[in-house]
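# Working through the structure, step by step
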Number of protein chains: 2
Amino acid sequence: MRAIILQDQLTFEPNYPKPAPSAGEAIVRVTCAGVCNTDIELQRGYFGFRGVPGHEFVGVIESISPYPNGSAQFAPADFKVGERVVGEINCVPCESNSRDYFERAQDPSRNTLGIDRRDGAFADFVSLPIANLLRVPANISDEEAVFVEPLAAACQILEQVHIKTTDRVVVLGDGKLGLLCAQVLATTGCHLTAVGKHANKLAILGQRGIHTMLVSEWVADYGSGARVADVVVECTGSPAGFETARRMLRPRGTLVLKSTYHGLPQVNLTMIVVDEISIVGSRCGPFDAALRLLAAKRIDVQSLIHARYPIEQGVQAFEHAQRAGVLKVLMQVEEK
Amino acid sequence: MRAIILQDQLTFEPNYPKPAPSAGEAIVRVTCAGVCNTDIELQRGYFGFRGVPGHEFVGVIESISPYPNGSAQFAPADFKVGERVVGEINCVPCESNSRDYFERAQDPSRNTLGIDRRDGAFADFVSLPIANLLRVPANISDEEAVFVEPLAAACQILEQVHIKTTDRVVVLGDGKLGLLCAQVLATTGCHLTAVGKHANKLAILGQRGIHTMLVSEWVADYGSGARVADVVVECTGSPAGFETARRMLRPRGTLVLKSTYHGLPQVNLTMIVVDEISIVGSRCGPFDAALRLLAAKRIDVQSLIHARYPIEQGVQAFEHAQRAGVLKVLMQVEEK
C-alpha cells in the first residue's frame, strides 16, 4: 500500500506492507488525514518514532477481526464493514479494562497511533482496536471528521473545568488549537475573548461572532497585569504565553494549560500561591463530544484548512504545514 | 511601650510609641506572639519592611474606637474591652466592602500586620481593625492561640480542595507548616501519609496516629516516580520539593502548593499537561476554622513549641528560630 514513512527522513513509499489483521482490531481504509504539530515534532526526531506517522484521520472499515473468546466483556457496539469511522489514538490490549480515553492514555501497556510503536494513518490502511472506533454521522464531511481528534482535546476543557455563563474567559493563542478551543468555549455562553497575534486567524473567530483582541490591543486596554479573567486557556505553546496567561487571571482564577513546551520553563510559583491560582493540565479529550459538536454544525473547521495534498505528495504536505501562518494541511489518501 | 523593631537591623526598643487609636480599630495588649519564617525573611530584607514585625499573636482588647458614622454596615459583633482575641493580618479601610479574608488579602488598599506598612505584634500593644478580630474560646491557651494564623493557612486546603475519605493524600515537608497541614488533613479521615526528612519532627505526627515516612523510605517503597497519591500538599519550601510532589501524584491528581519559593523555579509544565495534573495555590485561611479545631483539641500545637523568650530578648528569639531543626519560637510579651 501507499504510505508516508519516517525513518532517518520522511519519504513516500508506494509499496509499504499493509497492516496484518489482529484479534479485536479493525483494518480501516483511510480517506483523509491531517498533519498535526506532533507529526512535525516526530519528523524533527523528538520522540524517536519510526514508521508511519499520522493520527488525525477518517476512513472506512475494511475488515474486522473478532475479539478472542472471553475478552469481549467490554466490546463496543457492533461495527460493520463499510462504516465510516474515526479512531482514538491510545491503544491498549483488548483484555485491558481501560474503557475511558484518559485511562487508555495512561495505560502502561498502551501504544499510540502514529506516535509510539504503532503505524499511523498517512497510509492506505491502518489497524486499530475496535474499542477505539467511533462512527461518523453522515452530515459530517471527511474533511471535518479529520478534526475530531484535536477538537476532542478542546472539548476536554469542559470535562475538567466548570465554565459558567458569567465567567470571563480568555483563550490565548490563535493557532489551530486556540481556534478550536475558542469555538468550544463559545458554546458555553461565557464572556469569551480570544487573544492572539494574527488578525487573519482571529478573523475566523470574529466571523462566528466571537470577540477577539490582538495581544497588543489587550495590553493597550487592560495593561500587562490586568488580572480580570476568571479562566485563561493557554494555547500558545510558548513559555512566555504561560506568564502572559497568569497575568491576565484574577486572583483565584483558573489557568488551563493546553500547550506543552520543550524544556523546563521558569514559573513564578510564588504568585500562584499568593493569588491562589489553580492550574489545570489538559490533554486528550472525548471524541463523542467532538462528533456531536460537528454534527450540530456548531464548530467551523473548514476555515482552518489551508492546503490539501495527495498522499504521494505527503512530504510536501509536511513542508507546507511548517510555513509561518499556516493552519491545517490535509492529506487526501483516497483516490478521487 | 516595649517593642522589637526592624530598621537596618533588628533591635529591642524599650520606649517605642504606643499605637494611636484609629476609627474602627481596637488597641490590643499583646500577651504572646510567634516568630514565623516570614519574620525571618523580613529581617533578611526581602520585603523592605521597616517597623515592628510580628503577625502571629494573641492579646486582650485594651480600647476600642468606634466606626465613623455611616461606615458600620459590616460591623462585626460587639467586642468589649478585656476580651481575648486573635486578629487576621490583612487590614482594609473600614469603609471597604471586603468582608472575606481572601478579599482582604487582595484588596489594593490593604496593609498587612507586621509585614507591610503596619506595625505588628512584637510589642506591648498593637492596633487592628475591629473587623479583623476573633474571640478566643476560654479553653484555648495563649500559646495555642498564637498558632491560629498558620493553622488557618493549613485549613485553607479544605476550603479549596474536596478531600475525600478514600483519597490517598501525602503531605510533603515536616516543617511547622507541614506538621499543621498534616494534622488538619488527618481530620478528614483520608488515607494520609506525612513524608519528611526528620524523624524527630515526624514523630510529633506519629504520636497522634498519623502515618509517616521518611523521604528515603518512600523512595525505597515506591521508587521516585511512584505516582500513587491523589493529592500531594507541598510544604517543603524548596523547588526540589515541587518536583518530588509531582512525581508522587497519580495522573489527574491534585498538587496543593502551600510553599512559596525565592526566584523562578523550573517546572515540567509538559508533564502537568500529559498527566492532567491540577495545581492549586493556597495561602491564608479561615481563622474561625482554626479556632474551632483548637477548641475541640483536635490539633497539637504544643509539641511544635521549641523555645520561649521574653520580649526583651526578642532578637535572640529570632536567632533561635533560624537554627536548624527548630520549630516554633514564642515571644512572651505579657509580664508574668
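In the block above lies the structure referred to throughout.
This report concerns the structure included in the present document. None of these values were measured; they are calculated from a predicted model.

## Regarding the pattern of salt bridges
Residues and elements named next belong to chain B. Evaluation of the coordinates by the stated rule reveals 36 salt bridges over all chains. The residue Arg 117 makes a salt bridge to Asp 116 at a minimum N-O spacing of 3.0 Å. Overall, Arg 117 belongs to the exposed group, its relative accessible area being 58%. Classification of Asp 116 as partly exposed rests on a relative accessible area of 28%. Across the pair Glu 276 and Arg 252 runs a salt bridge whose closest N-O atoms are separated by 2.9 Å. With Glu 276 in the loop between α9 (269-274) and β15 (278-281) and Arg 252 in strand β14 (residues 249-257), this pair connects stretches of sequence that are 24 residues apart.

## Examining the packing of helix α4 (residues 148-160) of chain A against helix α5 (residues 176-186) of chain A
Residues and elements named next belong to chain A. With their axes 9 Å apart at the nearest point, α4 and α5 run at an angle of 45 degrees to one another. Considering their axes alone, α4 and α5 lie oblique with respect to each other. Crossing handedness for the pair α4 and α5: right-handed. Note on element contacts: α5 touches α4 through Leu 177, Leu 180, Cys 181, Val 184 and Leu 185, opposite Pro 150, Leu 151, Ala 154, Cys 155, Ile 157 and Leu 158. Here the residues of the contact of α4 with α5 are counted per class, giving 11 nonpolar, no polar and no charged.

## Overview of the pairing of strand β16 (residues 305-310) of chain A
All names here are of chain A. Pairing analysis gives 5 bridges linking β16 to strand β17 (residues 328-332), with the strands arranged parallel. Bridged to Ala 307 within β17 is Val 329. At this point the chain moves from β16, through helix α11 (residues 314-321), to the parallel β17, and the crossover so formed is right-handed.

## What about the relation of the copies chain A and chain B?
Rotating chain A by 180 degrees and translating it 0.0 Å along the rotation axis places it on chain B, where the RMSD comes to 0.0 Å. Here the transformation between the copies is reduced to the relation of a two-fold axis. In terms of proximity to the rotation axis, the leading residue of chain A is Gln 266 of chain A, whose C-alpha is 2.1 Å off the axis. Most of the interface of chain A is mirrored in chain B, where 100% of its interface residues are also at the interface.

## Description of the side chain of Asp 300 of chain A
All names here are of chain A. As for its position among the elements, Asp 300 is in the loop between α10 (287-295) and β16. Arg 208 provides the closest opposite charge to the buried, salt-bridge-free Asp 300, at an N-O distance of 4.7 Å. Here Gln 302 takes part through its backbone nitrogen, which lies 3.1 Å from a polar atom of the side chain of Asp 300. Every residue in contact with Asp 300, bar those within four places of it in the chain, is listed here: Gln 183, Ile 204 and Arg 208.

## A word on helix α8 (residues 239-248) of chain A
Residue pairs three or four apart in sequence face the same way in an α-helix, which turns once every 3.6 residues. All names here are of chain A. Among the residues making up α8, those that are buried are Gly 241, Phe 242, Ala 245, Arg 246 and Met 248. The buried residues of α8 all sit within an arc of 160 degrees when viewed along its axis, so they share a single face. The N-capping residue of α8, defined by a side-chain oxygen 3.1 Å from the backbone nitrogen of Ala 240, is Ser 238.

## A word on the environment of Val 267 of chain A
Relative to the helices and strands, Val 267 of chain A resides in the loop between β14 (249-257) and α9 (269-274). Residues Val 267 of chain A and Ser 63 of chain A lie 204 residues apart in sequence; the distance between their C-alpha atoms is 50 Å. With residues near it in sequence (within four places) discarded, Val 267 of chain A still touches Phe 242 of chain A together with Leu 264, Pro 265, Val 267 and Leu 269 of chain B.

Calculation notes
- Residues numbered from 1 in each chain as written.
- Chains lettered and ligands numbered in written order.
- Predicted model: local features only at pLDDT ≥ 70, side-chain atom pairs only at ≥ 80, totals over all residues.
- Heavy atoms only, no water.
- Salt bridge = Lys/Arg side-chain N within 4 Å of Asp/Glu carboxyl O.
- Buried < 20%, exposed > 50% of the residue type's maximum accessible area, 1.4 Å probe, protein only.
- Helix = DSSP H or I, 4+ residues; strand = E, 2+ residues; numbered from the N terminus.
- Axes fitted to C-alpha atoms, helices over the stretch in contact; angles between N-to-C directions.
- Parallel < 35°, antiparallel > 145°, perpendicular 65-115°, else oblique.
- Left-handed = near helix turned anticlockwise from the far one by under 90°.
- Contact = heavy atoms within 4.5 Å.
- Nonpolar A, V, L, I, M, F, W, Y, C, P; charged D, E, K, R; others polar.
- Pairing = 2+ DSSP bridges.
- Right-handed = clockwise from strand over helix to strand, strands pointing away.
- Least-squares fit on C-alpha atoms with pLDDT ≥ 70 in both.
- Lys, Arg positive; Asp, Glu negative; His and termini not counted.
- Polar contact = N/O pair within 3.5 Å; in protein donor to acceptor, adjacent residues only side chain to side chain.
- Arc of directions from axis to C-beta.

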